[in-house]
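For reference, the chains in residue letters:
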Amino acid sequence: MTIGIALIGAGAVARDHVAALHRLDGVRVLHVVDLDPARARAVAALAGGAAWATTPDEALADARVTAVDVCTPPDSHAVFAIAAAERGKAVHIEKPVAPTMPEAEAMLATASRHGVPFMVGQTTRFQPVHRELAAAIADGAVGRVRALHTSWYAGHVWQGGWNAWQLDPARCGGHLVQNGVHAIDLAVWLLGATPVRVFARGLPTFAPRMPTPDTFHVTIRFDDDSLALLEWSYALRNRGEQLRRIVAIGERGSLHHSSEYEPALTSDAVRLPPPSTDDAMFRQLSHWVAVLRGEEEPIVRPDEVRATLAAALAGRRSLETGRAVTLREVTGD
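Residues numbered from 1 in each chain as written. Predicted model: local features only at pLDDT ≥ 70, side-chain atom pairs only at ≥ 80, totals over all residues. Heavy atoms only, no water.

J.: Please give an account of the layout of surface pockets that cites residues and values.
T.: One number sums up the size of the second largest pocket: a volume of about 380 Å³. If you go around the second largest pocket, you meet 18 residues; those closest to its centre are T194, P195, A307, L327 and D333. Counting residues per element, the ones that place at least two in the lining of the second largest pocket are α5 (101–114), β8 (195–203), α10 (302–321) and α11 (327–331). Among the elements that line the lining of the second largest pocket, the one with the most residues is α10, at 5 residues. Grouping the amino acids of the lining of the second largest pocket by side-chain chemistry returns 8 nonpolar, 3 polar and 7 charged. (1 Å grid on protein atoms, 1.4 Å probe; cavity = no way out; pocket = protein on both sides within 12 Å on 5 of 7 lines; lining within 4 Å. Points joined across faces, edges and corners; volume = space filled by probe spheres on them. Helix = DSSP H or I, 4+ residues; strand = E, 2+ residues; numbered from the N terminus. Nonpolar A, V, L, I, M, F, W, Y, C, P; charged D, E, K, R; others polar.)

See below:
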């Protein structure tokens, strides 16, 4: 049976979604929706001639559509996800799930009430290196993990693209939320614990005139007293450059990885991702489709979605106040 999908949002990441979904058997993108008709038409053509529109009404009314893939800016996630869930459509949504906790809670509650699968696309969980780390930790290779340290550095991304909604806290939660959820979710997943307190620092490095730091140091204390130190930066000189390191320290040993030791193929025109991170979007959407077919249990749980967003929002508040912030201050629990 074919899974019919409506894609809402036709920006750059939507193109990655279409390319990944095209590789899956028994999956068809039937509708593409975007406020910009030219973008909607272009992505619909990439999807093999899907219908396109500037509003989601027709797509959500189509009985052939069983699932909706939301690739819009975070401030519109709740509107589209709730509308889809209320019509009995499964939902896949780009990260972060929302810029505020009430919006996230509303989406999760609606999906639960209507009994539809709801998955947030936490892509780092599907990168090969992190899948291997998670498997080793689950097998007890190093015992209980007490500390996690990640250092992620990426190439210059500001010029010609990082001056719109990605820098507006009202639309995406701010830079720490928009991009920091990758590392924060990874820590929540690998440590298997709940964040309770966050301290964050932000530094302007390569882009000192931008209205947000481009480099962050975030420390998270968890409810089992484990600790995560997360660093990420967009300060490398060239667009496409990256350096990624991760260390998981357990009671009986440690696991670590660095992309600097991986083979790399680069040229003036292209810089391919290292093998440790390659093809994660395809694995992510493959898993989503397997969940829709009842073949796999969801790898991203609602409680982890809440914890990740709350920790990211606590990190943003920590940046603003200069002090450690508990998650209770953000969630009101």
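J.: Hey, could you go over the pattern of salt bridges for me, with residue numbers and the actual values?
T.: Within this structure, the stated rule accounts for 14 salt bridges. Note that E329 is salt-bridged to R323, the shortest N-O span being 2.8 Å. Using a relative accessible area of 31% as the deciding quantity, one classes E329 as partly exposed. Salt bridges here are not isolated pairs; linked through shared partners, they connect R125, D185, R301, D303 and E304. (Salt bridge = Lys/Arg side-chain N within 4 Å of Asp/Glu carboxyl O. Buried < 20%, exposed > 50% of the residue type's maximum accessible area, 1.4 Å probe, protein only.)

J.: Describe the side chain of E304, and please don't skip the residues or the numbers.
T.: Note on placement: E304 falls in helix α10. You can call E304 buried: its relative accessible area is 6%. Those residues in contact with E304 that lie beyond four places of it in its chain are R125, V188, W189 and I299. (Contact = heavy atoms within 4.5 Å.)

J.: Residues and numbers for the environment of I82, please.
T.: As for its position among the elements, I82 is in helix α4 (residues 77–86). For I82, a relative accessible area of 18% translates into the label buried. In sequence terms I82 and E103 are 21 residues apart; their C-alpha atoms lie 9.8 Å from each other. When near neighbours in sequence (up to four residues on either side) are disregarded, I82 contacts A106, M107 and T110.

J.: Account for the sheet that holds strand β10 (residues 227–236), naming residues and giving values.
T.: What the 7 strands build is an open sheet, ordered β12-β11-β7-β10-β9-β8-β13; its pairing is mixed. Whereas interior strands pair on both sides, the edge strands pair on one side only; in this sheet they are β12 (253–258) and β13 (325–326). Relative to β10, strand β7 (residues 145–155) runs parallel, the two sharing 8 bridges. Of the residues in β10, the one forming a bridge with W152 is W232. Docked against the sheet, α10 engages β8, β9 (215–222) and β13, running at close to 45° with respect to β8. (Pairing = 2+ DSSP bridges. Axes fitted to C-alpha atoms, helices over the stretch in contact; angles between N-to-C directions.)

J.: Break down the nonpolar core for me, with residues and values.
T.: Judged by nonpolar contacts, the single largest core of 73 residues is most densely connected at V97, M107, F118, V218, L230 and W232. Examining the composition of this core, we find that 11 residues originate from one element, helix α8 (residues 175–191), more than from any other. (Core = buried A, V, L, I, M, F, W, Y, C linked by side-chain atoms within 4.5 Å.)

J.: Any chance you could break down the side chain of T150 for me, citing the residues and the numbers?
T.: Along the polypeptide, T150 turns up in strand β7. Setting aside anything within four residues of it in sequence, one finds T150 in contact with A183, L186, L229, L230, E231, R245 and I246.

J.: Explain the packing of aromatic side chains residue by residue, including any values.
T.: Tallying each qualifying case throughout the model produces 1 aromatic pair. Note that R23 overlies the ring of F282, its terminal NZ or CZ placed 3.8 Å from the centroid. Its end group placed over the ring of W152, R244 keeps NZ or CZ at 4.3 Å from the ring centre. (Phe/Tyr/Trp six-rings, centres within 6.5 Å; stacked < 30°, edge-to-face > 60°. Lys NZ or Arg CZ within 6 Å of the ring centre and 35° of its normal.)

J.: Explain helix α2 (residues 37–46) to me, and be specific about the residues and the numbers.
T.: Those residues of α2 lying buried are A40, V43 and A44. Buried residues in α2, looked at end-on, bunch into an arc of 105°, giving them a common side. Looking at the buried residues of α2, the elements they touch are β1 (3–8), α1 (12–22), β2 (27–33) and β3 (51–53). Two to three positions downstream of the cap, the backbone nitrogen of A38 sits 2.9 Å from a side-chain oxygen, assigning the N-cap of α2 to D36. (Arc of directions from axis to C-beta. Polar contact = N/O pair within 3.5 Å; in protein donor to acceptor, adjacent residues only side chain to side chain.)

J.: Outline the sheet that holds strand β4 (residues 65–70), listing residues and values.
T.: With parallel pairing, 6 strands are arranged side by side in an open sheet as β3-β2-β1-β4-β5-β6. Whereas interior strands pair on both sides, the edge strands pair on one side only; in this sheet they are β3 and β6 (118–121). The sheet shows a mean angle of 25° between the axes of neighbouring strands, direction not considered. Here β1 runs beside β4; their pairing, made up of 5 bridges, is parallel.

J.: Now, about the pairing of β7: what can you tell me, with residues and values included?
T.: Bridge count for β7 against strand β11 (residues 242–250) is 9 bridges, and the pairing is antiparallel. Paired with S151 across the bridge in β11 is R245.

J.: Just give me the short version of the environment of S318, but keep the residues and values in it.
T.: Relative to the helices and strands, S318 is located in helix α10. The sequence separation of S318 and V218 amounts to 100 residues, and the corresponding C-alpha distance is 9.4 Å. Leaving out residues up to four positions away in the same chain, S318 has contacts with V198, F199, A200, R323, A324 and V325.

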